[in-house]
Amino acid sequence: MTSTTRLTVAQALVRFLSAQYTERDGVRQRLIGATWGIFGHGNVAGIGQALIEYGDVMPYHQGRNEQSMVHAAVGYARQSNRLSTHAVTTSIGPGATNLVTGAALATINHLPVLLLPGDIFATRRADPVLQQLEVPYAGDVSVNDCLRPVSKYFDRITRPEALIPSALNAMRVLTDPVETGAVTLALPQDVQAEAYDWPDDFFAERTWVVRRPGADPTELAEAVRAIRSARRPLVIAGGGVHHSRAEEALAEFAEVTRIPVASTQAGKGSLRFDHPQDVGGVGHTGTATADELARTADLVIGVGTRYTDFTTASGTLFTGEGVRFLNLNIAPFDGHKLAGMPLIADARTGLEELTERLEMHDHRVADSYVAEYTEDKDRWEHRVDACYEADEPDVRPTQPQVLGALDAIVDESDVIINAAGSLPGDLHKLWRARSRDQYHLEYGYSCMGYEIPAAIGVKLAAPDRPVWALVGDGTYLMMPTEIVTAVQEGVAIKVLLVQNHGYASIGGLSEETGAERFGTAYRFRAADGTFTGAPLPVDLAANAASLGMRVLRAKTVRDLREALAEARAADTPTCVYVETETADTVSGPPPAHAWWDVPVAETATRPSAVKARELYERHVSTRRRHL
């Protein structure tokens, strides 16, 4: 007879989660390392009570905003190579719907996170309950159904025994390198507190092996033939290189073949910036070196990339005569993009197999090709130096000079985190990534407010490393609240807060598209009704200090250098606040070397929009469909 233990659904779930493990390459670790939570009537007496009951096996973190708790969990998961993540519990209603943005971010970036929102009564004994959405045509709909399209797996646990298959399915998806993303188990508040006799086997330790599938022999042979016949091949390294821990395999592939390697935002750092084959970021925010190679490539080898419009310059970048695509990807959906030859395999395994086959043929690209991209790369590095240099240390810095000051003090142990604004473009072009996981850009969803909570998650996963959240004023105002969490738990993140008085990135885009920077500056309303008056007297440094963070103000380049060094050495949460020179110039780095499609008004009377439309039509005419 099977032995059982009587527990509530919430208690059973917490105990189950504490016994789940992942294993890859012989290394085993907890799958759910902790649970974040904000409590209300939808989870306080269920999951909240269970976390007290099993506090010895399930650590708890107190959040301030439900969206930011997901961001923290995602940061932890990415730093943990997707082998470990956190759970997030919320009440019903607004607490649950606040998860939607974070869930979308996790799923788009293929990063695992477990969401446990409270839900309405399954028994409907109390109907409607506080915060319930009433749907006249369907009694089984709640606001949690908003999470369905942004979750890789969704289930509502309306009976205790339904938890068993659902929990197992949730773990399967979280640990699947193809399917992983946000997983949602909606938990009606009455069911959470209901007791059931659970089979003890449900609580046994389980180890979920994360697969490294190899390539199909036919696809591998085709891939080798394609590479050997290419004169100007180019690798595009995406986030899958990092998720697979394929950096060393990529480096060996590049050294054996001498094929240059460009990187997406998610893939930057796949090779160190000073690796001979690294040519920097590619696409709309890429380097001149990488983008010119992309335009003339006859074979594009995508490794773990989704080919977003920033990477392809909205279909205008890869214009070489007869260009073909070879896509090494663990996900068939991505492997077949751009009518490419699929090589469906784990990134590390696939690269190792390609290297072995190509080494057998002693295949290397021509010396002239190597000399070409090496010289171009050297020229680009001089441009980076020029952007970083500050001839007058006692003046306000530009945004690239802020990055230059940070670049001068970090080493391979530092992690920098960013997601939105003008900083992603500057970083993709200019940042010199020194280690595989130094460059942490969330650009799949480019979510304002991600940086500070994600930095907490990264620091929890890597407590001995300096972790920097690079934050513009627009992003800061979206979600500064987790500073309180960092202070409360002594998580010594460093926040580099850049004040340029507005949405600088969108301001620049607005100007380019004929919208004249409308509604993008943080300024008083002028007499003509536009926001073109004096800058708002908002003191973000004082705000950060009021939340408990130590703040260092820097007015000049010299001040900034000193403040950054002091912050890096700090063992408490520390913010460096700096105002940058002229918000109207956006950032001052080299201009974009590839286009990005943001449609412009087809009819307009204002000259700026008419001119922008003419330029737009010229760019659109260069778009290609790769068939």
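Residues numbered from 1 in each chain as written. Predicted model: local features only at pLDDT ≥ 70, side-chain atom pairs only at ≥ 80, totals over all residues. Heavy atoms only, no water.

Attention now goes to the packing of helix H16 (residues 399–407) against helix H23 (residues 557–569). One way to put it is that H16 packs onto H23 with a least axis distance of 9 Å and a crossing angle of 40 degrees. As judged from the angle between their axes, H16 and H23 are oblique. The handedness of the crossing between H16 and H23 is right-handed. Seen from H16, the contacting residues are Gln 401, Val 402, Ala 405 and Leu 406; seen from H23, they are Val 557, Leu 560, Arg 561 and Leu 564. Class assignment of the residues belonging to the contact of H16 with H23 gives a composition of six nonpolar, one polar and one charged. (Axes fitted to C-alpha atoms, helices over the stretch in contact; angles between N-to-C directions. Helix = DSSP H or I, 4+ residues; strand = E, 2+ residues; numbered from the N terminus. Parallel < 35°, antiparallel > 145°, perpendicular 65-115°, else oblique. Left-handed = near helix turned anticlockwise from the far one by under 90°. Contact = heavy atoms within 4.5 Å. Nonpolar A, V, L, I, M, F, W, Y, C, P; charged D, E, K, R; others polar.)

Another point: the state of the cysteines. Each disulfide is one covalent bond, formed between the sulfur atoms of two cysteines. Inspection of every chain in the model, using the stated rule, returns zero disulfides. Cys 146 takes part in no disulfide bond, and the closest cysteine sulfur to it belongs to Cys 447, at a distance of 17 Å. Free cysteine Cys 575: the closest other cysteine sulfur is in Cys 447, separated by 20 Å. (Disulfide = S-S within 2.5 Å.)

Per-residue confidence for the chain averages 96 on the pLDDT scale, and 99% of its residues sit at or above 70. Here residues 583–587 is a poorly scored stretch, pLDDT under 50, and it has 12 contacts once near neighbours within four places are set aside; other chains count. (pLDDT = per-residue confidence, 0-100.)

In terms of nonpolar packing, the biggest core is built from 52 residues, with Ile 227, Phe 253 and Ile 301 touching the most fellow members. Ignoring any residue separated from it by four or fewer positions in sequence, one finds Phe 253 in contact with Ile 227, Val 235, Arg 258, Ile 259, Ile 301, Leu 351, Leu 354, Thr 355 and Leu 358. Within the second largest apolar cluster, 47 residues are counted, among which are Trp 36, Met 69, Val 70 and Val 74. (Core = buried A, V, L, I, M, F, W, Y, C linked by side-chain atoms within 4.5 Å. Buried < 20%, exposed > 50% of the residue type's maximum accessible area, 1.4 Å probe, protein only.)

A few words now on the pairing of strand S8 (residues 153–156). Pairing between S8 and strand S9 (residues 182–188): four bridges, direction parallel. Note on S9: the bridge partner recorded for Tyr 153 is Val 183. (Pairing = 2+ DSSP bridges.)

With that out of the way, let us pick up helix H8 (residues 217–229). End to end, H8 covers 18 Å across 13 residues, agreeing with the expected 18 Å (1.5 Å per residue, within 8%). Regarding H8, the residues found buried are Leu 220, Ala 223, Val 224, Ala 226 and Ile 227. Down the axis of H8, the buried set is contained in an arc of 165 degrees. They therefore lie on one face. In H8, the exposed residues that point more than 90 degrees away from the buried face are Pro 217, Thr 218 and Ser 229. Buried residues along H8 sit against helix H10 (247–257), strand S15 (299–303), strand S16 (324–329), strand S17 (341–344) and helix H14 (347–360). A distance of 2.9 Å separates the backbone nitrogen of Thr 218 from a side-chain oxygen at the start of H8, and that oxygen is part of Asp 216. (Expected span 1.5 Å × (residues − 1). Arc of directions from axis to C-beta. Polar contact = N/O pair within 3.5 Å; in protein donor to acceptor, adjacent residues only side chain to side chain.)

Taken in spatial order, the six strands of this open sheet run S19-S18-S20-S21-S23-S22, and their pairing is parallel. Of all strands in the sheet, those bounded by a partner on one side alone are strand S19 (439–441) and strand S22 (550–554). The sheet shows a mean angle of 20 degrees between the axes of neighbouring strands, direction not considered. Across three bridges, strand S18 (residues 415–418) lies against strand S20 (residues 467–472) in parallel orientation. Across the sheet, Ile 416 pairs through a bridge with Trp 468, a residue of S20. Against the sheet, helix H17 (residues 423–430) engages S18, S19 and S20, with an angle of about 150 degrees to S19. Helix-sheet contacts for helix H18 (residues 451–461) involve S18, S19, S20 and strand S21 (494–499), and the interaxial angle to S20 is about 175 degrees.

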